There are 2 protein chains.
Amino acid sequence: MDLNLARMSKNENLVLGVDPGTAITGYGLVWGEGDNLRLVDYGAITTSSDESQPQRLQEIYRQLTALIQERQPAAAAVEKLFFSRNVRTALSVGQARGVALLAIANAEIAVHEYTPLEVKQAVVGYGRATKEQVQEMVKRLLGLDSVPQPDDAADAIAVAICHIHSARMKDFARRAEEIERR
Amino acid sequence: MDLNLARMSKNENLVLGVDPGTAITGYGLVWGEGDNLRLVDYGAITTSSDESQPQRLQEIYRQLTALIQERQPAAAAVEKLFFSRNVRTALSVGQARGVALLAIANAEIAVHEYTPLEVKQAVVGYGRATKEQVQEMVKRLLGLDSVPQPDDAADAIAVAICHIHSARMKDFARRAEEIERR
């Protein structure tokens, strides 16, 4: 088998979660099949305020692109954002988010977006769960000894888990429909 | 002379102005030497709301990158943004702005940012000028018969003119300093 082809094939059950921000962009790679979840990689891309905005965006784009090339996830998930502390923060988060979405799209991976409510519902089973409850469940679901750090990485992992659950639910629904049709 | 090398060399007095937005990203290419200004190209990259966000961002990135490769501007200018109608608009503008800054940075062109006040000051000579006054001056300074359309393109041209003026002022100041030192 051609090694290049092997490198290019996507890992079917691997999902990349991203929590974008100009200073810190958290990421998490979760492998999932049924109830079986495994944390493959996680971390944060950090950029310095000493650098210019375009340089920081370049850094986020480069590192995310490199991560995708290395891990070849089959899908990506990002939190949908409607609000923010203020307009200035929204502009800054928006810039990082735009570059993250572009890196994923340019790698020809589908991006799925979930509201904070959907993430909490999927991970904790309760839409009004606190940030701490989400992190605790991330730890438990992945069988970890402690909550992954920094928070941005834990948030990115949570949205990846949300996508795996959601994809599974859709799969259940499709199969149930098929059975009914028989 | 190598044609490829010729294509790669940047046009020294050519400035790209960009006014980013997810639905419409205006652009203008202004050539300037002293008081001599010439509009080389302008227009807008439009994306459809039928497309997904990542697809729209990809479109903006692709078209801006192609424009830069074709025209080879030496510098780029973008308006600094601090405010927006609301947080949702700010997130959307931020995403388009992030992708535009990335396209410019990846083409190895320096990006200069100017506040709306600086743009008005440079183009009209009056920081509280209206949008219409700015557009009218853009028309006059470039010797055009009418205001360039759409508004987003006119705004992009204005920020390019602002950069040319500002670079010229810095040049004056540097020369004045040199004369004093003699």
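Reading guide: rules and limits
Residues numbered from 1 in each chain as written. Chains lettered and ligands numbered in written order. Predicted model: local features only at pLDDT ≥ 70, side-chain atom pairs only at ≥ 80, totals over all residues. Heavy atoms only, no water. Least-squares fit on C-alpha atoms with pLDDT ≥ 70 in both. Contact = heavy atoms within 4.5 Å. Salt bridge = Lys/Arg side-chain N within 4 Å of Asp/Glu carboxyl O. Helix = DSSP H or I, 4+ residues; strand = E, 2+ residues; numbered from the N terminus. Buried < 20%, exposed > 50% of the residue type's maximum accessible area, 1.4 Å probe, protein only. Phe/Tyr/Trp six-rings, centres within 6.5 Å; stacked < 30°, edge-to-face > 60°. Lys NZ or Arg CZ within 6 Å of the ring centre and 35° of its normal.

## Description of the relation of the copies chain B and chain A
1) Next: Of the transformation superimposing chain B on chain A, the axial component is 0.0 Å and the angular component is 180°, with the fit at an RMSD of 0.0 Å. The two molecules are tied by a two-fold rotation axis, judged by turn and shift.
2) Next: Of the residues that chain B buries at the interface, 100% are likewise interface residues in chain A, meaning the two copies contact each other through the same surface.

## Examining the pattern of salt bridges
Residues and elements named next belong to chain A.
1) Next: Under the counting rule described, the total for this entry stands at 13 salt bridges over all chains.
2) Next: Residue Glu113 is joined to Arg97 by a salt bridge in which the shortest nitrogen-to-oxygen separation is 2.7 Å. One end of the pair, Glu113, is in strand β5 (residues 110–114); the other, Arg97, is in helix α3 (residues 87–106), with 16 residues separating them in the sequence.
3) Next: Given the relative accessible area of 25%, Glu113 is considered partly exposed.
4) Next: Here the salt bridges share partners, and the residues they tie into one network are Asp41, Glu70 and Arg71.

## Looking at the packing of aromatic side chains
1) Next: Going through the model one piece at a time under the given rule, you end up with 1 aromatic pair over all chains.
2) Next: Over the ring of A:Trp31 we find A:Arg38; its NZ or CZ atom is 5.2 Å from the centre of that ring.

## Considering unusual backbone geometry
Residues and elements named next belong to chain A.
1) Next: A cis geometry characterises the amide bond from Gln149 onward to Pro150, with omega recorded as -5°.
2) Next: With respect to the helices and strands, Pro150 occurs in the loop between α5 (131–141) and α6 (151–181).
3) Next: Although it is not a glycine, Gln72 adopts a positive phi angle of roughly 50°.
4) Next: Note on placement: Gln72 falls in the loop between α2 (53–71) and β4 (73–79).
5) Next: The exposure class of Gln72 is buried, given its relative accessible area of 10%.

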